[in-house]
There are 2 protein chains.
Amino acid sequence: MGEFDLIRRFFTRPTPRAVLGVGDDCALLQSAPGMQMAISTDMLVAGRHFFADTDPQRLGHKCLAVNLSDLAACGARPLAFTLALALPQADEAWLAPFAKGLLQLADAHGCELIGGDTTRGPLTMCITVFGEVPARGAVPLLPTSALLRSGARVGDDIYVSGTLGDAALALRALQGTVALPTDLLNAARARLEQPTARVALGQALRGVATACADVSDGLLGDLGHILERSGLGAQIEVERTLPLLAARANFADGAAQFDAQLGRDTALQCVLAGGDDYELVFCAPPTEREAVAQAALQSATPVTRIGTMRAERGLLLLDSQGRAIAPESLELASFDHFAAAPGP
Amino acid sequence: MGEFDLIRRFFTRPTPRAVLGVGDDCALLQSAPGMQMAISTDMLVAGRHFFADTDPQRLGHKCLAVNLSDLAACGARPLAFTLALALPQADEAWLAPFAKGLLQLADAHGCELIGGDTTRGPLTMCITVFGEVPARGAVPLLPTSALLRSGARVGDDIYVSGTLGDAALALRALQGTVALPTDLLNAARARLEQPTARVALGQALRGVATACADVSDGLLGDLGHILERSGLGAQIEVERTLPLLAARANFADGAAQFDAQLGRDTALQCVLAGGDDYELVFCAPPTEREAVAQAALQSATPVTRIGTMRAERGLLLLDSQGRAIAPESLELASFDHFAAAPGP
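Residues numbered from 1 in each chain as written. Chains lettered and ligands numbered in written order. Predicted model: local features only at pLDDT ≥ 70, side-chain atom pairs only at ≥ 80, totals over all residues. Heavy atoms only, no water.

**Side note on the overall build of chain A**
Moving on, step 1. Along the backbone of chain A there are 12 helices and 12 strands.
Moving on, step 2. In terms of overall dimensions, chain A has a C-alpha envelope of 65 × 50 × 35 Å along the principal axes.
Moving on, step 3. Counting the 344 residues in chain A, one finds 60% classified as buried.
Moving on, step 4. For chain A, contacts bridging at least 24 residues in sequence account for 84% of all contacts bridging at least 6.
Moving on, step 5. Summing over all exposed atoms, chain A offers an accessible surface of approximately 12600 Å²; the carbon and sulfur share of this is 52%.
Moving on, step 6. Distance between charge centroids for chain A: 4 Å, based on 27 positive and 38 negative side chains. (Helix = DSSP H or I, 4+ residues; strand = E, 2+ residues; numbered from the N terminus. Buried < 20%, exposed > 50% of the residue type's maximum accessible area, 1.4 Å probe, protein only. Contact = heavy atoms within 4.5 Å. Areas by Shrake-Rupley, 256 points an atom, 1.4 Å probe, with all protein chains shown as cover. Lys, Arg positive; Asp, Glu negative; His and termini not counted. Charge placed at Lys NZ, Arg CZ, Asp CG, Glu CD.)

**Re the packing of aromatic side chains**
Moving on, step 1. The final tally for this structure, using the stated rule, is 11 aromatic pairs over all chains.
Moving on, step 2. With 6.5 Å between their ring centres and 80° between their planes, Phe11(A) and Phe98(A) make a pair best called edge-to-face. Placement of Phe11(A) in helix H1 (residues 3–11) and of Phe98(A) in helix H3 (residues 92–108) is noted, with a sequence separation of 87 residues between them. Comparing Phe11(A) with Phe98(A) shows no difference in burial state: the two are buried.
Moving on, step 3. Here Trp94(B) and Phe98(B) contribute two aromatic rings whose centre-to-centre distance is 4.7 Å and whose plane-to-plane angle is 15°, an arrangement assigned as stacked. Pair noted here: Trp94(B) and Phe98(B) are both in helix H3 (residues 92–108), with a separation of 4 residues, about one helical turn. The same class applies to Trp94(B) as to Phe98(B), namely buried.
Moving on, step 4. Within the aromatic cluster, the residues linked to one another by ring pairs are Phe10(A), Phe11(A), Trp94(A) and Phe98(A). (Phe/Tyr/Trp six-rings, centres within 6.5 Å; stacked < 30°, edge-to-face > 60°.)

**Some words on the environment of Ala65(A)**
All names here are of chain A.
Moving on, step 1. Within the element layout of this structure, Ala-65 appears in helix H2 (residues 56–74).
Moving on, step 2. Separated by 62 residues in the primary sequence, Ala-65 and Ile-127 place their C-alpha atoms 10.0 Å from one another.
Moving on, step 3. Residues within four places of Ala-65 in sequence aside, it is in contact with Leu-105, Pro-195 and Ala-197.

**Topic: the pattern of salt bridges**
Moving on, step 1. This structure, assessed with the given rule, holds 31 salt bridges over all chains.
Moving on, step 2. Across the pair Asp259(A) and Arg248(A) runs a salt bridge whose closest N-O atoms are separated by 2.7 Å. One end of the pair, Asp259(A), is in helix H10 (residues 255–262); the other, Arg248(A), is in helix H9 (residues 246–249), and 11 residues separate them in sequence.
Moving on, step 3. One salt bridge connects Asp319(B) with Arg323(B), and the closest N-O pair in it is separated by 3.0 Å.
Moving on, step 4. Connected through shared salt-bridge partners, Asp24(A), Asp25(A) and Arg149(B) make up one network. (Salt bridge = Lys/Arg side-chain N within 4 Å of Asp/Glu carboxyl O.)

**Observations concerning the packing of helix H2 (residues 56–74) of chain B against H3(B)**
Residues and elements named next belong to chain B.
Moving on, step 1. One can describe the packing of H2 onto H3 by two numbers: an axis separation of 6 Å at closest approach and a directional angle of 35°. The two elements H2 and H3 meet at a crossing, and its hand is right-handed. Contact residues: Pro-56, Gln-57, Leu-59, Gly-60, His-61, Cys-63, Leu-64, Ala-65 and Leu-68 in H2; Trp-94, Pro-97, Phe-98, Lys-100, Gly-101, Leu-102, Gln-104, Leu-105 and Ala-106 in H3.
Moving on, step 2. Taken together, the residues of the contact of H2 with H3 sort by class into 12 nonpolar, 5 polar and 1 charged. (Axes fitted to C-alpha atoms, helices over the stretch in contact; angles between N-to-C directions. Left-handed = near helix turned anticlockwise from the far one by under 90°. Nonpolar A, V, L, I, M, F, W, Y, C, P; charged D, E, K, R; others polar.)

**A short note on the interface of chain B and chain A**
In many analyses, interface size is given as the accessible surface area lost on bringing the parts together.
Moving on, step 1. Listed as interface residues are 75 residues of chain B and, on the opposing side, 77 residues of chain A.
Moving on, step 2. Our count for the contact surface shared by chain B and chain A stands at 4 salt bridges.
Moving on, step 3. In this structure, Arg149(B) and Asp24(A) form a salt bridge, with 4.0 Å as the shortest nitrogen-oxygen distance.
Moving on, step 4. Run the count over chain B and chain A and you get 19 residue pairs in polar contact (both at pLDDT 80 or more).
Moving on, step 5. Broken down by element, the side of chain B that touches chain A gets its largest block of residues, 10 residues, from strand S2 (residues 35–45) of chain B.
Moving on, step 6. Relative to strand S1 (residues 27–29) of chain B, strand S2 (residues 35–45) of chain A runs antiparallel, the two sharing 3 bridges. (Polar contact = N/O pair within 3.5 Å; in protein donor to acceptor, adjacent residues only side chain to side chain. Pairing = 2+ DSSP bridges.)

**Overview of the pairing of strand S4 (residues 112–120) of chain B**
Residue and element names in this part refer to chain B.
Moving on, step 1. The buried fraction of S4 amounts to 7 of the 9 residues, a majority that puts the element mostly inside the structure.
Moving on, step 2. Where strand S3 (residues 77–87) meets S4, 8 bridges bridge the pair, whose relative direction is parallel. Bridge pairing links Thr-82 to Gly-115 in S4.

**Thoughts on the relation of the copies chain B and chain A**
Moving on, step 1. Mapping chain B onto chain A is achieved by rotating through 180° and translating by 0.0 Å along the same axis, at an RMSD of 0.0 Å. Read as a symmetry element, the transformation amounts to a two-fold axis.
Moving on, step 2. With an isologous cut-off of 70% or more, the 100% of interface residues of chain B that recur at the interface of chain A puts this contact in the isologous class. (Least-squares fit on C-alpha atoms with pLDDT ≥ 70 in both.)

**Examining the sheet that holds strand S5 (residues 124–134) of chain B**
Moving on, step 1. Taken in spatial order, the 5 strands make up an open sheet running S1(A)-S2(B)-S5(B)-S3(B)-S4(B), and their pairing is mixed. Looking at strand neighbours, the two that pair on one side only are strand S1 (27–29) of chain A together with S4 of chain B, the edges of this open sheet. Averaged over all pairs of adjacent strands, the angle between strand axes in this sheet comes to 20°, irrespective of strand direction.
Moving on, step 2. Packed onto the sheet, H2(B) meets S2, S3 and S5 of chain B and runs at close to 30° relative to S5(B).
Moving on, step 3. Against the sheet, H3(B) makes contact with S3, S4 and S5 of chain B, and its axis sits at roughly 165° relative to S3(B), the strand it touches most.

**Notes on the pairing of strand S3 (residues 77–87) of chain A**
Residues and elements named next belong to chain A.
Moving on, step 1. Where burial is concerned, most of S3 is hidden: 10 out of the 11 residues are buried.
Moving on, step 2. In terms of strand pairing, S3 meets strand S5 (residues 124–134) through 9 bridges, oriented antiparallel. Bridge assignment links Ala-80 to a residue of S5, and that residue is Phe-130.

**A short note on the side chain of Asp70(B)**
Moving on, step 1. Note that Asp70(B) resides in helix H2.
Moving on, step 2. Salt bridges are absent for the buried Asp70(B), whose nearest opposite-charge side chain, Arg149(B), sits at 5.7 Å.
Moving on, step 3. Not counting the four nearest positions on each side in its chain, Asp70(B) is found in contact with Asp25(A), Cys26(A), Ser40(B), Asp42(B) and Asp214(B).

**Quick look at helix H12 (residues 289–298) of chain A**
All names here are of chain A.
Moving on, step 1. Here H12 has its buried residues at Val-292, Ala-295 and Ala-296. End-on view of H12: buried residues confined to an arc of 100°, all on one side of the axis. The exposed set on the far side of H12, more than 90 degrees from its buried face, consists of Glu-290, Leu-297 and Gln-298.
Moving on, step 2. Among the residues trailing H12, Ala-300 stands out with phi positive, at a value near 50°. (Arc of directions from axis to C-beta.)

**Section: the sheet that holds strand S12 (residues 324–325) of chain A**
Two orientations exist for strands paired in a sheet by backbone hydrogen bonds: parallel and antiparallel.
All names here are of chain A.
Moving on, step 1. Pairing is mixed across the open sheet formed by 7 strands, whose spatial order is S7-S9-S6-S10-S8-S11-S12. Edge positions in the sheet fall to strand S7 (211–215) and S12, since each has one partner strand and no second.
Moving on, step 2. Two elements, S7 and strand S9 (residues 279–284), share 5 bridges in a ladder whose sense is antiparallel. Opposite Val-215, over in S9, you have Glu-279 as the bridge partner.

**Quick notes on the confidence of the model for chain A**
The predicted coordinates of low-pLDDT regions are not to be read in fine detail.
Residue and element names in this part refer to chain A.
Moving on, step 1. For chain A, mean pLDDT is 90; residues scoring 70 or higher make up 94% of the total.
Moving on, step 2. Long-range and interchain partners of residues 334–344, a stretch whose pLDDT sits below 50, account for 40 contacts in this model, where long-range means more than four residues apart.
Moving on, step 3. For this predicted complex, the interface confidence score (ipTM) comes to 0.90, while the overall pTM stands at 0.92. (pLDDT = per-residue confidence, 0-100.)

Here you go:
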């Protein structure tokens, strides 16, 4: 089967929202009046971002989810995406479930596949995703209502959505460096392979959050982007973040037993610097606590308050007694694709 | 140097047109009222679309040019692009010239780099490019003024821009299957490695051409897309296409000598099915010949009339006496990334 047949068969869908979808030199999208387009692109490479033998349906889900997560971080509503795909061979047994996982998630978010490219090569996916946000929002001087990394203010609360660190823990388990009970491994592995993009929460936070980023490279690293772009520092109450590791909270004999068997440092490293979480980290002033709770309720997404923005630059990690923890003591490093390779 | 430093250093530029450029979870673009966004994505893989040791500056040029060519085929004005890049290592000696070639072409077209992704992996580039076209154009019932593959009509002239086949000839020479004089090889190689996207011609053809596609996979294959989407056939006067092979026209002792030394079939195969030309093939009614000539003049791009659209499906190749040539006799096959591998 030729390239064009493959594309046609698996990836040609109706595109009611786009003026023109797959099949021409370009797709055509028209924004509604007063809306801006939010655009993000992510490339996933076999052996780097996922194991080459990952279940293709989960992989199809994940490669769109990581892009939707960027839209979520901006508070954008998903509209459409393009898919560029390099495959070692034109394998229908792989393409069919891959397309299924991808398009099920796309349909769940009303996100149309409007174009793409398929070629032979080392297994690689590159998705570019398009969402929309109103041009004008709650902040009169800003040229957008999108949530940015740059808007945090001194005294803002810092929140994170959902759970943290289970994807990183699953990776360690799959690599054989920690042992997990089967049920916890399966749950953690689902977080690694089928992450949930917090699209509804992101939209609900427009006009509430002052800054937002998605947690793709580890909480501290991605919070660091907010600090850098906002020109501020932060303090994180580490004790508030630890319960977010679901595998630890759900450990058969409790969190203390998890710490005894796998090490509390392992838990901290996964939660604070694990990567692949695809949660949102965001800031909002204390006056908006009720509004944040409403946004969480409305989007059916748990959020946890974990710290406070400070004028002093840098990131202060506080233990349960309010004492500073030296980050070096945790061997934390934000995930860097060109640093020592921690990924699969 | 870490991933984020690399991105910042080479790929962070001012983006006067975008609401927000590189550095947040998403870029933000706002269309002008009445405009539509044309979107295309192309992935280039080392060893498949280019030799891994290709001059990085030329490669930077090419990976944007092939995307601009898709905008040209739609008659869209370039606005912006995203770049996802997988690199075997973070090599400044490679990244600096790559960025230079890429951004020089981007600047020449006012096309802003608004976002991207960098990761370690087999050398791969994926660009998604954004252009704009007016929503309403010369055809009242169409929901766009973009040039599509689907608008050709019976009796339309068929044109191609620029030159054809030199990229494919250069590839054969680099692979050692044909021998070319050095000056002709250098010229042909520049066509392969630094193609010219016909962006100005595409825009000038809006309201003139009835259908358009870019020639990326070979003339006959890409014309085939127009035939398929327009539900028509075509006849091509092969004798009109042969002079478009610059290496043959410029052969020291003339085209006849080229045919004697390299074979007329080689010339035909390169011109009709070579691939990597990034010219435009387009249709326009005979009443628009003056307008086509004006568009060519205005965009400083030569165009050649090579055939006619027919109601009968299929592609008819005619020799200089108007006799049908059997396509099988030419061993033509449109470039298919999953068919037998003709590329580097």
